[in-house]
Each structure stands twice: as structure tokens, then as C-alpha cells.
Amino acid sequence: MTYQLPSTADKAEYVSRKFNEIALKYDRFNDLITFGLHRYWKRFVARQTGLREGERCLDLCCGTGDIARAVIKQHPDAEVTGVDFAASMLGVAAERTRFDSVQWIQGDALRLPFPDNWFAAVTIGYGLRNLDDLTKGLLEIRRILQPGGVLVSLDVGKVRLPLIDVLNRFYFFKVVPKIGEWLMPEQEMFTYLPQSSLKYPDQETLKRKLLEVGFQQADYYDFVFGASTIHVAYKTSAP
Ligand SMILES: C[S@@+](CC[C@H](N)C(=O)[O-])C[C@H]1O[C@@H](n2cnc3c(N)ncnc32)[C@H](O)[C@@H]1O
């Protein structure tokens, strides 16, 4: 049967429910499908925050907390908070971070429980693609960032070399769901993950969107021919 993405109205409930279902297998799945490379990309994200002592960082859609842990490891004097709406993903995050000083909060990325201009950095890994309203999500991130603060987003990107694109699509749409099926039979979430990339903007479009919603100096770094990409954008310093 062909897979149907959830409608915009149903997306948040679907995403939250499905991440709760796969929480215990999520990290293993990521390790397998990226051959462990996601760990390198997440350390790269943490480096882009450029946090200084005492500065606050939010890892949004933190899931099992890889990026938050990478941030606190590289910037032990920063204050790191992880937010996600899936309680089981946060449960795994808290379990794996017993000795680190990260605060985990259950919350919605579109209605964050923080005042304006609160964080020096916001990181988000494979999160923007899962929001039901990307523009609203970016505006909310911009609201809670301090002037001059940085947003660093890791997600899947579009491959520009045609032959590599064909290979990447085959891998992403045919092989990746099979790996998921092997890990958790009958779990459609591993099909949702590649399918959700179809509606997600390519690197240049996301860069333009970031500038449109009021970020400046937006740019991106491609990895594996663009199959993985990291956007870095700064909130304007002037009010
Ligand atoms: C693909 S996982 C990414 C986890 C982690 N950031 C990583 O890089 O491995 C996406 C996460 O985003 C969370 N998420 C999606 N939409 C959200 C929203 N509106 N508010 C809070 N969390 C959300 C999901 O619950 C899930 O844990």
C-alpha cells in the first residue's frame, strides 16, 4: 500500500505519537542509516554555536538529546536546555544524560515557554522538517533568540549531482524504510522520515526563508553531496 503523509492539521499529533513509539530504537536507526555520520554532523552543529561561558543554548526538537549533549561537552560552562513534545524521546534523553547538566522540558516548538531574547543559540536536528508550520517555527525561534544569537539547523538536503541524486533517492526511499522495518516491523514511521523530506525546502530555499523571516547572514554547509546539510543563521543585532 502507498504511504500517505499526515495532513497539516494531523501532523503534530502524528509526529508526537510516532516518535513516542520509536523512541527506544531511534538512535540505533540513525546510526545504521547514516553509518554513524550523524554523530559527526551533530558535533559540527555544536561547534557552530560559538557559546561563551554562562550563555544559554536551546536544543529544540531535541529527541534523545544527542545535540544537547554535544553542546554541553564542547561548552561545559554554557546552560543547555532540551525541548521536545514527545515524552518517550525525552525519557531516553534524560536516561542517557544522568551526569550532565542539561535541563529537559516537554514543550511545543511552536509555543515555546521562554521569554523573548532568552537564548544565545538554538540548535535543531531533523526538527524543522517535522513542524506543521515551518514559518511559525522559525519566527518562534527568532523570538526567543537574543539579538546576534545563532540558529543552527541540521537536516536532510537535496543532492544536486544528478547521478548521486538517483543513488541517494534509492537509498533514502527504498533502503532506509527496510532498515526501519527490520528494526521495528510494521512501524510506518521509518517510511514517514524519508517521505517528509519531499515537502521540505532545498538548501537555497530554506536560506531565503531564513532571511525572509528576519535572520541575517544565513548560510549552509553541505555534507555527502548535500544529502545532509547544516544551516547557520544569525538574528539581526539591531532591534
Ligand atoms: C527526527 S527527531 C530528531 C531528534 C534529535 N534532534 C536528533 O537530531 O536526533 C525529531 C524530534 O522532533 C520532535 N518534534 C517534532 N515536532 C515538534 C514540535 N512541534 N515541538 C516539539 N518537538 C517536536 C519529535 O518529537 C522528535 O523527537
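These numbers were taken from a predicted model, which means no experiment stands behind them.

A. Geometry of the environment of A233. Checked against the element boundaries, A233 lands in strand β7 (residues 228-235). Looking at A233, the relative accessible area reads 0%, which means it is buried. Apart from residues no more than four positions distant in its own chain, A233 is found in contact with G149, V150, L151, L210, F215, Q216, Q217 and A218.

B. Region of interest: helix α6 (residues 162-183). Taking 1.5 Å per residue, 22 residues should reach 32 Å; α6 reaches 31 Å between its end C-alpha atoms and fits that length. The set of residues buried in α6 consists of D165, F172, V176, P177, I179, G180 and L183. Taken together, the buried residues of α6 touch α1 (8-34), β5 (145-156) and α7 (189-195).

C. Main features of the packing of α1 against α6. Remark: α1 packs on α6, axes separated minimally by 10 Å, with the N-to-C direction vectors making an angle of 140 degrees. In terms of axis orientation, α1 runs oblique to α6. The handedness of the crossing between α1 and α6 comes out as right-handed. Contacts from K25, R28, F29, L32 and I33 of α1 reach α6 at Y171, V176, I179, G180, W182 and L183. By residue class, the composition of the contact of α1 with α6 is eight nonpolar, one polar and two charged.

D. Inspection of α1 at higher detail. Its 27 residues give α1 an end-to-end C-alpha distance of only 28 Å, which falls more than 12% under 39 Å, the value for a rise of 1.5 Å per residue. Maximum bend of α1: about 75 degrees, positioned at A23. F35 occupies a position one or two residues after α1 and carries a positive phi of about 55 degrees.

E. Geometry of the sheet that holds strand β2 (residues 79-84). Reading across the sheet, the seven strands line up as β3-β2-β1-β4-β5-β7-β6 and stay open at both edges, with mixed pairing between neighbours. Looking at strand neighbours, the two that pair on one side only are β3 (102-106) and β6 (215-223), the edges of this open sheet. Strand-to-strand twist in this sheet, taken as the mean axis angle between neighbours without regard to direction, amounts to 15 degrees. Bridge analysis of strand β4 (residues 119-125) against β5 gives six bridges, and the strand direction is parallel. Looking at the pairing, F119 lines up with L145 of β5. Here helix α5 (residues 134-144) sits on the sheet in contact with β1 (56-60), β4, β5, β6 and β7, set at roughly 140 degrees to β5. Each of β5, β6 and β7 is contacted by helix α8 (residues 203-212), which is oriented at about 160 degrees to β6, the strand it contacts most.

F. Structural detail: the site of the ligand. Among the 19 residues in the neighbourhood of the ligand, the closest are listed as Y26, C61, D84, A109 and G125. One of the backbone nitrogen or oxygen atoms of C61 is found 2.8 Å away from a nitrogen atom of the ligand. Contacts to the ligand include D84, whose side-chain N or O atom sits 2.6 Å from an oxygen atom. Looking at which element gives the most residues to the shell around the ligand, the answer is α1, with four residues. Split by residue class, the shell around the ligand holds 11 nonpolar, five polar and three charged.

Rules used in this analysis
Residues numbered from 1 in each chain as written. Predicted model: local features only at pLDDT ≥ 70, side-chain atom pairs only at ≥ 80, totals over all residues. Heavy atoms only, no water. Helix = DSSP H or I, 4+ residues; strand = E, 2+ residues; numbered from the N terminus. Buried < 20%, exposed > 50% of the residue type's maximum accessible area, 1.4 Å probe, protein only. Contact = heavy atoms within 4.5 Å. Expected span 1.5 Å × (residues − 1). Axes fitted to C-alpha atoms, helices over the stretch in contact; angles between N-to-C directions. Parallel < 35°, antiparallel > 145°, perpendicular 65-115°, else oblique. Left-handed = near helix turned anticlockwise from the far one by under 90°. Nonpolar A, V, L, I, M, F, W, Y, C, P; charged D, E, K, R; others polar. Bend = angle between axes of the 7 residues up to and from the residue. Pairing = 2+ DSSP bridges. Near = heavy atom within 4 Å. Polar contact = N/O pair within 3.5 Å; in protein donor to acceptor, adjacent residues only side chain to side chain.

So, to be careful, I would describe these as geometric facts and stop short of saying anything about function.
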